[in-house]
Amino acid sequence: MRLLTTRELADAIGVSESSLKRWVDAGKIAATRTEGGHRRIELGEAMRFIRASGSSVVRPDLLDLPEVTAARSKRFVDVLRAGDSAGARGWLLARYLEGRTVAQLADGPIREAMHELGELWRHDESGIYVEHRATDACLHAVAHLRGMLSEPPSTAPVAVGAAPTEDLYLLPSQLVAMSLVEVGVQAVNLGPDTPYTALAAAVAEYAPQLVWLSVTAPLASARARAYARCLEALPDSVQIVVGGQQASSLGALPPRVKRVATLGQLAAVGAGLVTPAAAN
Ligand code: B12
């Protein structure tokens, strides 16, 4: 992780270095010291402070984020449509630094942009490659954002989840995992095309408090029943959440399975595991 000097962070957010040093000394920003006694701040800690304090980034280049400025004025869908990976990374980071949560970004601009791009194939052949290129740019940007999230401690609650067999969609399950990590849950994302037997094996190994299934491709009824049985067999202590555009294709599910539409709602379920009192 990159280390910043107090001067770099001060200039990046447009405050004096002496104010910044004072905040470090007051414990508002965590810092380490060099052998010579100089304060050093991890980039991730700098991001946390910027978000928590509502500071604006006036010199993103000092945080190695020059693309943040470039992407400010555009719509996310247009950046993706152009296949601009760096722009997409900057776009998401700019909003993240302004204080939006991963769940808000996923339920809002990411979802809206991908749904709009999903209509392009109807118009002509090039729509398909534009959609595929956009998906790749979006995946890069989302993975970069994932690198910015602090990993929950090893004592934090654990969640395991996936998308079913022949469901090839990477973004939804990845965004589920990130929304949980952001509220302090350790998330093990098995990703797309996961057989229910593999999901069950991972659950046996991790003994998670939460299991999710993200369904984007419609499930045929025999396969849906197999996943439903797999979920039904999980220990009573496990919370089960299903979501995704085609979650209804899972058919009837036991009452203990929560159907959740948005990642904002899912994050609230996750936060309830981290601070059980908040669940009531
Ligand atoms: C990218 C994409 C692909 C890529 C996927 C690449 C990859 N590796 O991820 C590829 C090229 C593989 C693909 C293939 C196909 N695709 Co496609 N694809 C899309 C597209 C454009 C984006 C999907 C996406 O990532 N969305 C972004 C996520 C974040 O949005 P979301 O899914 O709505 O998720 C939100 C919520 O549902 C919720 N959520 C999701 N999961 C979960 C889980 C939990 C637990 C919770 C709480 C919430 C939750 O949170 C998210 C944020 O709000 C969609 C368009 C669309 N409308 O989504 C079409 C779309 C889904 N595809 C479609 C089609 C038809 C296909 C193909 C059949 C095309 C073909 N003829 O081959 C194949 C089928 C592949 C398969 N076997 O599954 C149709 C589906 C129509 C339908 N209803 O059946 C769509 C809707 C496009 C369209 N408008 O026609 N596709």
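Residues numbered from 1 in each chain as written. Predicted model: local features only at pLDDT ≥ 70, side-chain atom pairs only at ≥ 80, totals over all residues. Heavy atoms only, no water.

**Looking at the overall build of the chain**
Thinking step 1. A tally of regular secondary structure across the chain gives 12 helices and 8 strands.
Thinking step 2. Taken against the 2.2 N^0.38 rule, which gives 19 Å for 280 residues, the C-alpha radius of gyration of the chain at 21 Å falls within 12% of a compact globule.
Thinking step 3. Relative to its 280 residues, the chain shows a buried fraction of 46%.
Thinking step 4. For the chain, long-range pairs separated by at least 24 residues make up 68% of all intrachain contacts whose partners lie at least 6 apart in sequence.
Thinking step 5. When the accessible surface of the chain is split by element, carbon and sulfur atoms take 53% of a total near 13,600 Å². (Helix = DSSP H or I, 4+ residues; strand = E, 2+ residues; numbered from the N terminus. Rg over C-alpha atoms; globule rule 2.2 N^0.38 Å. Buried < 20%, exposed > 50% of the residue type's maximum accessible area, 1.4 Å probe, protein only. Contact = heavy atoms within 4.5 Å. Areas by Shrake-Rupley, 256 points an atom, 1.4 Å probe, with all protein chains shown as cover.)

**A word on the coordination of the cobalt atom of the ligand**
Thinking step 1. One donor from the polypeptide reaches the cobalt atom of the ligand: Y169 (OH), at 2.3 Å.
Thinking step 2. Within the secondary structure, Y169 sits in the loop between β4 (158–162) and α9 (171–182). (Donors = N, O, S within 2.8 Å, 3.2 Å for Na, K, Ca; no water.)

**Notes on the domain arrangement of the chain**
Thinking step 1. You can read the domains of the chain as domain 1 (3–55), domain 2 (67–148) and domain 3 (158–279).
Thinking step 2. The gap between the C-alpha centroids of domain 1 and domain 2 is 30 Å. (Domains from an automatic or database assignment.)

**With respect to the packing of aromatic side chains**
Thinking step 1. Within this structure, the stated rule accounts for 3 aromatic pairs.
Thinking step 2. Ring geometry for Y196 against Y227: centres 5.6 Å apart, planes inclined by 75°, an arrangement best described as edge-to-face. Of this pair, Y196 sits in helix α10 (residues 196–206) while Y227 sits in helix α11 (residues 221–232), placing them 31 residues apart in sequence.
Thinking step 3. Judged by its relative accessible area of 1%, Y227 falls in the buried class.
Thinking step 4. Note that R51 overlies the ring of Y96, its terminal NZ or CZ placed 3.8 Å from the centroid.
Thinking step 5. The aromatic ring of W91 is capped on one face by R95, whose charged end is 3.8 Å from the ring centroid. (Phe/Tyr/Trp six-rings, centres within 6.5 Å; stacked < 30°, edge-to-face > 60°. Lys NZ or Arg CZ within 6 Å of the ring centre and 35° of its normal.)

**Brief notes about the site of the ligand**
Thinking step 1. Surrounding the ligand, one finds 34 residues, the nearest of these being D107, H115, Y169, S214 and Q245.
Thinking step 2. Contact between the ligand and E119: a nitrogen atom at 3.0 Å from a side-chain N or O atom of the residue.
Thinking step 3. Contact distances for the ligand include 3.1 Å between an oxygen atom and a side-chain N or O atom of W121.
Thinking step 4. With respect to the pocket detection grid, the ligand is positioned in the largest pocket. (Near = heavy atom within 4 Å. Polar contact = N/O pair within 3.5 Å; in protein donor to acceptor, adjacent residues only side chain to side chain. 1 Å grid on protein atoms, 1.4 Å probe; cavity = no way out; pocket = protein on both sides within 12 Å on 5 of 7 lines; lining within 4 Å. Sits in = over half its atoms within 2 Å of the grid points.)

**Topic: the packing of helix α1 (residues 6–13) against helix α2 (residues 17–25)**
Thinking step 1. It is at 9 Å that the axes of α1 and α2 come closest, and there the two elements cross at 115°. As judged from the angle between their axes, α1 and α2 are roughly perpendicular. α2 is crossed by α1, and the crossing has right-handed handedness. From α1, T6, R7, L9, A10 and I13 reach across to α2, where they touch E17, L20, K21 and W23.
Thinking step 2. Tallied by class, residues from the contact of α1 with α2 come to 5 nonpolar, 1 polar and 3 charged. (Axes fitted to C-alpha atoms, helices over the stretch in contact; angles between N-to-C directions. Parallel < 35°, antiparallel > 145°, perpendicular 65-115°, else oblique. Left-handed = near helix turned anticlockwise from the far one by under 90°. Nonpolar A, V, L, I, M, F, W, Y, C, P; charged D, E, K, R; others polar.)

**Looking at the pattern of salt bridges**
Thinking step 1. What the rule picks out here adds up to 15 salt bridges.
Thinking step 2. For the salt bridge of R146 with E151, the shortest nitrogen-to-oxygen distance reads 3.6 Å.
Thinking step 3. Note on E151: relative accessible area 53%, which makes it exposed.
Thinking step 4. Here R223 ties to E166 by a salt bridge, and the two come within 3.6 Å at their closest N and O atoms. (Salt bridge = Lys/Arg side-chain N within 4 Å of Asp/Glu carboxyl O.)

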